[in-house]
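# A look at the structure
Residues per chain are reported as follows:
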Amino acid sequence: MADPARIKPEAKPERTASANEEHPKSGGTEDVPATAKPTDDNKESSSQDESKQEVKSEMAAGEDEDEGTSGETSAKRLKVEPEKKKEKRQKVDEDEIQKMQVLVSSFSEEQLNRYEMYRRAAFPKAAIKRLIQSITGSSVSQNVVIAMSGISKVFAGEIVEEALDVCEKWGDTPPLQPKHMREAVRRLKSRDQIPNTKYKQILFN
């Protein structure tokens, strides 16, 4: 007969072994969701990164579109500004032409004849070209000759106008005399309206 006291201790280790076998199973089942959570987090982070990249690409595309539209608007402005300037110039020219027509229509016959002679009068361009080349020592274009002939005509007109004032103040009657012209030149020089052609040596102390 076997001793019952010896039989009981042998049954206990079996229970502990079975309990140990049950505990690892439960631990394994608990570890599975823990490993599954990081994969879900990685998926969420990757989806967030993709959404951020899409937003950045949309922002960059929007900036490019804005730059393109700003460039187009600036080009349009540059085109519009010269057109506005041309329109203003045309309006000014038309106004001046109308004023000149009104002024000419109010001229007397004598004034009209003098105005026609003034418009027809001009310095010979060949003489002006020779004079410029003799002073500068180089050849000049035709546009420069035309500009200088026009300036010379205006300069001569100012001298004649001043000479007429001198003639009137002195109590003389036209035509103009050389003394009137010399006095007119002297007065214009005193007002610094005629450049001084004499060479002046400037001394620095």
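Check the entry above for the structure.
Residues numbered from 1 in each chain as written. Predicted model: local features only at pLDDT ≥ 70, side-chain atom pairs only at ≥ 80, totals over all residues. Heavy atoms only, no water.

### A word on the environment of A163
Mapped onto the fold, A163 is located in helix α4 (residues 142-169). Among the residues examined, A163 registers a relative accessible area of 0% and is labelled buried. Considered as a pair, A163 and K179 are 16 residues apart in the sequence and their alpha carbons are 8.7 Å apart. Setting aside its immediate chain neighbours within four residues, A163 contacts L176, H180, M181 and A184. (Helix = DSSP H or I, 4+ residues; strand = E, 2+ residues; numbered from the N terminus. Buried < 20%, exposed > 50% of the residue type's maximum accessible area, 1.4 Å probe, protein only. Contact = heavy atoms within 4.5 Å.)

### A short note on the packing of helix α3 (residues 125-136) against α4
Between α3 and α4, whose axes approach to 9 Å, the crossing angle comes to 105°. Taken together, the axis directions place α3 and α4 in an arrangement best described as roughly perpendicular. When α3 is examined against α4, the residues K125, I128, K129 and I132 are found in contact with a partner set consisting of Q142, V144, V145, I146, M148, S149 and S152. Of the residues contributing to the contact of α3 with α4, the split by class is six nonpolar, three polar and two charged. (Axes fitted to C-alpha atoms, helices over the stretch in contact; angles between N-to-C directions. Parallel < 35°, antiparallel > 145°, perpendicular 65-115°, else oblique. Nonpolar A, V, L, I, M, F, W, Y, C, P; charged D, E, K, R; others polar.)

### Some remarks on the side chain of R187
Relative to the assigned elements, R187 resides in helix α5 (residues 178-190). Judged by its relative accessible area of 17%, R187 is buried. When near neighbours in sequence (up to four residues on either side) are disregarded, R187 contacts E162, V166, K169 and W170.

### A look at the packing of α4 against α5
In contact at an axis separation of 8 Å, α4 and α5 are set at 110° when each is read in the N-to-C sense. Relative to α5, α4 is oriented roughly perpendicular. The crossing of α4 and α5 is right-handed. When α4 is examined against α5, the residues E158, I159, V160, E162, A163, V166, C167 and K169 are found in contact with a partner set consisting of H180, M181, E183, A184, V185, R187 and L188. Residue classes in the contact of α4 with α5 are distributed as nine nonpolar, one polar and five charged. (Left-handed = near helix turned anticlockwise from the far one by under 90°.)

### Some points on the packing of aromatic side chains
On inspection of all chains with the given rule, the structure shows one aromatic pair. Between the aromatic rings of F107 and Y115, the centroid separation amounts to 5.8 Å while the plane-to-plane angle is 65°, which identifies the pairing as edge-to-face. Sitting over the face of the ring of Y118, K153 holds its NZ or CZ atom 4.7 Å from the ring centroid. (Phe/Tyr/Trp six-rings, centres within 6.5 Å; stacked < 30°, edge-to-face > 60°. Lys NZ or Arg CZ within 6 Å of the ring centre and 35° of its normal.)

### Points about a positive patch on the surface
On the surface, K84, K85, K86, K88, R89 and K91 cluster together into a patch of positive charge. Here K88 lies in helix α1 (residues 4-105). We classify K88 as exposed; its relative accessible area is 59%. (Patch = residues over 30% accessible without salt bridge, like charges linked within 9 Å, V, L, I, M, F, W, Y side chains within 5 Å. Areas by Shrake-Rupley, 256 points an atom, 1.4 Å probe, with all protein chains shown as cover. Salt bridge = Lys/Arg side-chain N within 4 Å of Asp/Glu carboxyl O. Lys, Arg positive; Asp, Glu negative; His and termini not counted. Charge placed at Lys NZ, Arg CZ, Asp CG, Glu CD.)

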